[in-house]
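Breakdown of the fold
Below, each chain spelled out in residue letters.
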Amino acid sequence: MAATSPVERAVVLAVDNSEHSVSAFYFYASHFHKPEDRLVVVNTPECVLSPTDSSTQGIEEAIMETKAKTELIKNKFVSLMSEAGMTGEFVALEDKSPGHAIVRHAEKVGAAFIVTGSRGLSKFRRTLLGSVSDYIIHHSHVPVLVCRHRLPKD
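The structure reproduced in this document is the subject of the present report. All of these numbers come straight from a predicted model, not from anything done at the bench.

Quick look at the nonpolar core now. L13, F25, L39, V41, F77 and V115 are the most contacted members of the largest nonpolar core, which has 19 residues in total. Broken down by secondary-structure element, the contributors of at least two residues to this core are β1 (9–14), α1 (19–31), β2 (37–43), α2 (56–83), β4 (111–117) and β5 (144–147). What V41 contacts, discounting residues up to four positions off in sequence, is L13, V15, F77, M81, E89, F90 and V91. The next biggest cluster of nonpolar side chains, apart from the first, holds 13 residues, and it includes V12, L93, I102 and A106.

All right, on to the pattern of salt bridges then. Evaluation of the coordinates by the stated rule reveals five salt bridges. Ionic contacts of the salt-bridge type, sharing partners, join the residues E8, R38 and E89 into one network.

Looking now at the environment of F113. Along the chain, F113 turns up in strand β4. Classification of F113 by relative accessible area gives buried; the value is 10%. Residues F113 and V12, spaced 101 residues apart in sequence, show a C-alpha to C-alpha distance of 6.5 Å.

The next point concerns the side chain of T70. Following the sequence through the fold, T70 ends up in helix α2. Here T66 takes part through its backbone oxygen, which lies 2.9 Å from a polar atom of the side chain of T70. Leave out the neighbours within four places in its chain, and T70 touches N43, P45, F90 and A92.

Moving on: α1. Between its terminal C-alpha atoms α1 stretches 18 Å, which fits the 18 Å expected from 13 residues at 1.5 Å a residue. Every buried residue of α1 is listed here: H20, S21, V22, S23, A24, F25 and Y28. Those residues of α1 that are buried lie in contact with β1, β2, α2, β4 and β5.

This part takes up the packing of aromatic side chains. Scanning the model with the defined rule gives five aromatic pairs in all. A ring pair is formed by F25 and Y26, whose centres lie 5.5 Å apart and whose planes are at 75°; its orientation type is edge-to-face. For Y26, a relative accessible area of 38% translates into the label partly exposed. One aromatic cluster in this structure is built from F27, Y28, F32 and F113.

The next point concerns the sheet that holds strand β3 (residues 87–92). Here five strands make up an open sheet; going across it, the order is β3-β2-β1-β4-β5 and the pairing parallel. In the strand order of this sheet, the two ends are held by β3 and β5, each with one partner. In this sheet, adjacent strand axes meet at a mean angle of 20° when their direction is disregarded. When β1 meets β2, the two strands line up parallel, connected through six bridges. By the bridge assignment, A14 is partnered in β2 with V42.

Turning next to the packing of helix α3 (residues 98–109) against helix α5 (residues 132–139). Running from N to C, α3 and α5 point in directions that differ by 40°, and their axes come no closer than 8 Å. By the angle between their directions, the pair α3 and α5 is classed as oblique. Seen along the crossing, α3 lies across α5 with a hand that is right-handed. Contact residues: α3 offers P98, G99, H100, I102 and V103, while α5 offers V132, Y135, I136 and H139.

Criteria and cut-off values
- Residues numbered from 1 in each chain as written.
- Predicted model: local features only at pLDDT ≥ 70, side-chain atom pairs only at ≥ 80, totals over all residues.
- Heavy atoms only, no water.
- Core = buried A, V, L, I, M, F, W, Y, C linked by side-chain atoms within 4.5 Å.
- Buried < 20%, exposed > 50% of the residue type's maximum accessible area, 1.4 Å probe, protein only.
- Helix = DSSP H or I, 4+ residues; strand = E, 2+ residues; numbered from the N terminus.
- Contact = heavy atoms within 4.5 Å.
- Salt bridge = Lys/Arg side-chain N within 4 Å of Asp/Glu carboxyl O.
- Polar contact = N/O pair within 3.5 Å; in protein donor to acceptor, adjacent residues only side chain to side chain.
- Expected span 1.5 Å × (residues − 1).
- Phe/Tyr/Trp six-rings, centres within 6.5 Å; stacked < 30°, edge-to-face > 60°.
- Pairing = 2+ DSSP bridges.
- Axes fitted to C-alpha atoms, helices over the stretch in contact; angles between N-to-C directions.
- Parallel < 35°, antiparallel > 145°, perpendicular 65-115°, else oblique.
- Left-handed = near helix turned anticlockwise from the far one by under 90°.

This is the structure in structure tokens:
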């Protein structure tokens, strides 16, 4: 009987520029990653405008700053994937609701599961601010791994 080759599976990793995202990457890499996995790292850039930024120049500066932050996040995670010998891609998703965008993209790529970090917000702060990981847990049609694990301090 001939041996079958492993089937590629897509795994979505939702990231921002926090240490929690890096911790989630390392936790996934050390506990769940399989050589045949294709990691899809997704980020939903947030363009923050203050009331004084309503001029055309203020808006353009905010957009440029958002693009620069997104590029830094992309470079960080592409480098981490490369160092770990992983195949994958980085995708910037545009949506006013990061959780919705992540769940929708996971469906689009046929993800086996979603990995995300968690800042460990209190119940009050999570209610007030919302939580991307909470949204993903409640709306995803695939399993969700929420990593509250933190990187050890050197």
